Amino acid sequence: MIPSERIEQIKELLYQQKSVSIQELCDKLFCSPSTIRRDLIDLEEAGILRRTHGGAVLVSKNTTEFSSYIRSLENTKEKHYISKIATTYIKDDMSIFMDSSSTVHALCNHLYKFKNLIIITNSILIPYTLINHDDLTVFCTGGVQKRHSYSLIGDMSFEFIKNYKPDLCFVSCKAVDETGIYEADFQQTTIKKKMIQNATKSILLVDSSKFKDSAFMSISDLTNIDTIITDKRPDTYPNFTPQLQKKFKW
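For clarity, every value in this text was computed on a predicted model and none was experimentally measured. (Residues numbered from 1 in each chain as written. Predicted model: local features only at pLDDT ≥ 70, side-chain atom pairs only at ≥ 80, totals over all residues. Heavy atoms only, no water.)

Participant: When you look at the environment of Lys192 in this model, what are you seeing that I'm missing?
Facilitator: By the secondary structure assignment, Lys192 is in helix 9 (residues 186–198). Expressed as a C-alpha distance, the spacing of Lys192 and Ile126, which sit 66 residues apart in the sequence, is 16 Å. The residues contacting Lys192, other than those within four sequence positions of it, are Asp99, Ser172, Cys173, Glu183 and Ile219. Looking at Lys192, its side chain comes within polar contact range of the side chain of Asp99, at 3.4 Å. (Helix = DSSP H or I, 4+ residues; strand = E, 2+ residues; numbered from the N terminus. Contact = heavy atoms within 4.5 Å. Polar contact = N/O pair within 3.5 Å; in protein donor to acceptor, adjacent residues only side chain to side chain.)

Shown next, in the form of structure tokens:
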């Protein structure tokens, strides 16, 4: 079993049971205790679990932002699907905010189609991904690199963002409900909120699992989001008003 598959299975067991033992993981995943311990260390550093004597317990998803590496492994097909829809809103010569989420990063694979785009981002991964695109100009904020993340955060990043008023803003989030969009990290919330406020049009990119998650810090009301792009109709779709339902694309 490759490491990413093993990590996903460990996470799935944790989400179902809230706690697991090393022996249980060894039996179910056919791995040695040393391999499982290394995986648990990585997942603890990513903020997903807390190791205990002989096992691990799940950390609350409501107040925890998982590492960029872990998030990049999740729902990759859905992110690719969402990013293809998102490109229909892009035209040559546009200026665009892109946040540091793994969902928005997936959009980079489709930007080669366009000419003379200006990208403004607090991601350190997006400039690297777009380095060979001759028709793109990328502005990257300064700031402090968030631990276990591809994000630049802090006052320097916020001050940089507030100076721009681009045509589009692409953001993602940790959770969505019929009242708004939410994050688990204060500094990420502050930057995304300013991106949404300053852009002419704001587009939310979220896979359908985000409608089942929760987070405790509000980024924005959905009235400030022009379009919500997801991979399929979420189960909570009937809870949204008819006006908000018109914003959905899948």
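Participant: What exactly am I supposed to notice about the pattern of salt bridges here?
Facilitator: Where side chains of opposite charge bring their charged atoms close, a pairing between them can arise. If you walk through the whole model with that rule in mind, you get eight salt bridges. One salt bridge in this structure joins Lys11 and Glu8, with 3.3 Å as the shortest N-O distance. Pair noted here: Lys11 and Glu8 are both in helix 1 (residues 3–17), with a separation of three residues, about one helical turn. Take Lys11: its relative accessible area is 1%, and that puts it in the buried class. Classification of Glu8 as partly exposed rests on a relative accessible area of 29%. Look at the salt bridges and you will find they share partners, linking Asp99, Glu183 and Lys192 into a network. (Salt bridge = Lys/Arg side-chain N within 4 Å of Asp/Glu carboxyl O. Buried < 20%, exposed > 50% of the residue type's maximum accessible area, 1.4 Å probe, protein only.)

Participant: I would appreciate a short explanation of the side chain of Arg6 in the present structure.
Facilitator: Within the secondary structure layout, Arg6 lies in helix 1. A polar contact is formed between the side chain of Arg6 and the side chain of Asp39, at a distance of 2.3 Å.

Participant: What is the right way to look at unusual backbone geometry in this model?
Facilitator: Located in the positive-phi region is Lys18, a residue other than glycine, with phi close to 75°. Mapped onto the secondary structure, Lys18 falls in the loop between helix 1 and strand 1 (19–21). The backbone of Asp93 shows a phi angle near 70°, a positive value even though the residue is not glycine. Relative to the assigned elements, Asp93 resides in the loop between helix 5 (76–86) and strand 4 (95–98). Here Asp93 falls in the exposed class, since its relative accessible area comes to 53%.

Participant: How do you make sense of helix 3 (residues 33–45) when you look at a structure like this?
Facilitator: Helix length check: helix 3 (13 residues) gives 18 Å between terminal C-alpha atoms against 18 Å at 1.5 Å per residue, within 8%. Within helix 3, burial applies to Thr35, Ile36, Asp39, Leu40 and Leu43. End-on view of helix 3: buried residues confined to an arc of 135°, all on one side of the axis. (Expected span 1.5 Å × (residues − 1). Arc of directions from axis to C-beta.)

Participant: For this particular structure, what's the right way to read the packing of helix 2 (residues 22–29) against helix 3?
Facilitator: As a packed pair, helix 2 and helix 3 sit with axes 9 Å apart at the nearest point and diverge in direction by 110°. Relative to helix 3, the element helix 2 is oriented roughly perpendicular. The element helix 2 and its partner helix 3 pack so that their crossing is right-handed. Taking contact as the criterion, the partners of Ile22, Leu25, Cys26 and Leu29 in helix 2 are, on helix 3, Pro33, Ile36, Arg37 and Leu40. Residues belonging to the contact of helix 2 with helix 3 are distributed by class as follows: seven nonpolar, no polar and one charged. (Axes fitted to C-alpha atoms, helices over the stretch in contact; angles between N-to-C directions. Parallel < 35°, antiparallel > 145°, perpendicular 65-115°, else oblique. Left-handed = near helix turned anticlockwise from the far one by under 90°. Nonpolar A, V, L, I, M, F, W, Y, C, P; charged D, E, K, R; others polar.)

Participant: For this particular structure, what's the right way to read the pairing of strand 4?
Facilitator: On a regular strand, one side chain projects to one face of the sheet and the next to the other, so that they alternate. In strand 4, alternate side chains face the same way, and those of Ser95 and Phe97 on one face and Ile96 and Met98 on the other are all buried. Bridging between strand 4 and strand 5 (residues 117–121) involves four bridges; their strand directions are parallel. Bridging across to strand 5, Ile96 finds its partner in Ile119. Of the pairings in the sheet, the one linking strand 4 to strand 9 (residues 168–171) comprises three bridges and is parallel in character. Across the sheet, residue Met98 finds its bridge partner in strand 9, namely Phe170. (Pairing = 2+ DSSP bridges.)

Participant: Sorry if this is basic, but what is going on with the nonpolar core here?
Facilitator: One broad trend across soluble globular proteins is that nonpolar side chains are buried collectively. In this structure, Val176, Ile181, Leu204, Leu222 and Ile228 are the most contacted members of the largest nonpolar core, which totals 24 residues. Among the secondary structure elements, those contributing two or more residues to this core are strand 9 and helix 9. Top contributing element to this core by residue count: helix 9, with three residues. Those residues in contact with Leu204 that lie beyond four places of it in its chain are Val171, Ser172, Cys173, Val176, Ile181, Ile225, Thr227, Ile228 and Ile229. Counting residues in each nonpolar core, the second largest holds 23 residues, with Met94, Leu111, Ile119 and Leu168 among its members. (Core = buried A, V, L, I, M, F, W, Y, C linked by side-chain atoms within 4.5 Å.)

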